[in-house]
Amino acid sequence: MSEQSRGERSGPFLVGDRVQLTGPKGRMHTIALEPGKMFHTHKGLLAHDDLIGKPDGSVVTNQVGVEYLALRPLLSDFVMSMPRGAAIVYPKDAAQILAQADIFPGATVVEAGVGSGALSLWLLRGIGPSGRLMSFERREDFASVARDNVATFHGTDPENWSITLGDLAEVLPDVAPAASVDRVVLDMLAPWECLDAVGAALKPGGVLLCYIATVTQLSRVAEAIRATGEYTEPQSSETMVRGWHVQGLAVRPDHRMIAHTGFLLTARRLAPDTILPELKRRPSKTEFSDEDVEAWTPGALGERQVSDKALRRRVRAADAAATRSRDGEHGADDGGLHSPTEPSGEAE
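This one's a predicted model, so the numbers in the text were calculated from it and none came from an experiment.

Caption draft 1: Spatial organisation of a nonpolar patch on the surface. Together, Val59, Leu69 and Leu71 give the surface a local cluster of nonpolar side chains, amounting to about 220 Å² of exposed area. Residue placement: Leu71 occurs in strand 6 (residues 67-71). For Leu71, a relative accessible area of 32% corresponds to the partly exposed category.

Caption draft 2: Region of the structure containing the pattern of salt bridges. The full count for this structure, using the stated rule, is 12 salt bridges. When the shortest N-O distance is used, the salt bridge between Arg9 and Asp17 registers 2.5 Å. Classification of Asp17 as buried rests on a relative accessible area of 1%. Across the salt bridge formed by Arg183 and Asp102, the nearest N and O atoms sit 3.0 Å from each other. You can see Arg183 sitting in strand 10 (residues 181-186) and its partner Asp102 sitting in the loop between helix 2 (91-100) and strand 7 (108-112), a full 81 residues away along the chain. Take Arg183: its relative accessible area is 8%, and that puts it in the buried class.

Caption draft 3: Representation of the side chain of Gln217 within the structure. Following the sequence through the fold, Gln217 ends up in helix 7 (residues 215-228). At a separation of 3.1 Å, a polar atom in the side chain of Gln217 contacts the main-chain amide nitrogen of Thr214.

Caption draft 4: Structural context of the packing of helix 2 against helix 3 (residues 118-127). Interaxial distance between helix 2 and helix 3 falls to 10 Å at its minimum, and their mutual angle equals 40°. Considered as vectors, helix 2 and helix 3 are oriented oblique to each other. Considering how the two elements wind past one another, helix 2 and helix 3 form a crossing that is right-handed. Here helix 2 contributes Pro91, Ala94, Ile97 and Leu98 to the contact with helix 3, which in turn contributes Leu119, Trp122 and Leu123. Residues of the contact of helix 2 with helix 3, tallied by class, amount to seven nonpolar, no polar and no charged.

Rules used in this analysis
Residues numbered from 1 in each chain as written. Predicted model: local features only at pLDDT ≥ 70, side-chain atom pairs only at ≥ 80, totals over all residues. Heavy atoms only, no water. Patch = residues over 30% accessible without salt bridge, like charges linked within 9 Å, V, L, I, M, F, W, Y side chains within 5 Å. Areas by Shrake-Rupley, 256 points an atom, 1.4 Å probe, with all protein chains shown as cover. Salt bridge = Lys/Arg side-chain N within 4 Å of Asp/Glu carboxyl O. Helix = DSSP H or I, 4+ residues; strand = E, 2+ residues; numbered from the N terminus. Buried < 20%, exposed > 50% of the residue type's maximum accessible area, 1.4 Å probe, protein only. Polar contact = N/O pair within 3.5 Å; in protein donor to acceptor, adjacent residues only side chain to side chain. Axes fitted to C-alpha atoms, helices over the stretch in contact; angles between N-to-C directions. Parallel < 35°, antiparallel > 145°, perpendicular 65-115°, else oblique. Left-handed = near helix turned anticlockwise from the far one by under 90°. Contact = heavy atoms within 4.5 Å. Nonpolar A, V, L, I, M, F, W, Y, C, P; charged D, E, K, R; others polar.

Okay, structure coming up:
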């Protein structure tokens, strides 16, 4: 991966760059710049040539005088609008994952599962070109969408990133030698099934982070980590983001907020044969029965299934966008990528 990929450029807009256009009503459209092409709306046309060479953050006017703010999409903009095979890790959680897992430039990181590639993009940015990201995914269709999304953003397939198909617990020992991994990030239904393989791959002092949807998962994985005797005491949290309206003296919290999306649980790998000092705590119920385990099945966990038809459509959209980005053959169409604030259809 080059030091400055297509999604991380700065300076004037170039041919092939993705540009986010915000109209007078706050609606957003993303286009890929190509000489001679036009951005069509029911309120006039905007020539791509009027954007090429303009500074990032410019205001441009279409043929009938409608103004648009032109900016390169941020990574958070891209992941919220890219084609999805599986649910994505939202930017608020991705930021906390980078912080709590202490993702650093040059790190060797294992990620499972890869989903639609949103977290992969954040991890690649965190480790930089000198790091290595090894992603694992059970489903080939999800891996294909993730690979295309990452290629669309970077304009190429990052050389320091790999996707391995299969069950992490089975294939990780073949890909990562013992004590060779700095960080492990698990985004899966049953992370406790992979603790043996993860423990062998992690370096002493390395960080294990689990992204978990429900309290039942949180309880089970925490107890499973404690039972191994190989980690520090697990720490758990959730992140909630509340925006504020600030207009003169009208200062108040927004009526809506991004509340619970998932729990983050972290623990650090102990050195071999290390016994963690016993913590003094009040007695609590930590045992679970077969009936409890039944509540942790994929259906009870609320796993959302994407229909085959919808998934095939998303795979095609991701593949088309990745092909244009890799080859530099961009059109005015945004390849199926829409800002979350802009539904499909005509712009203003």
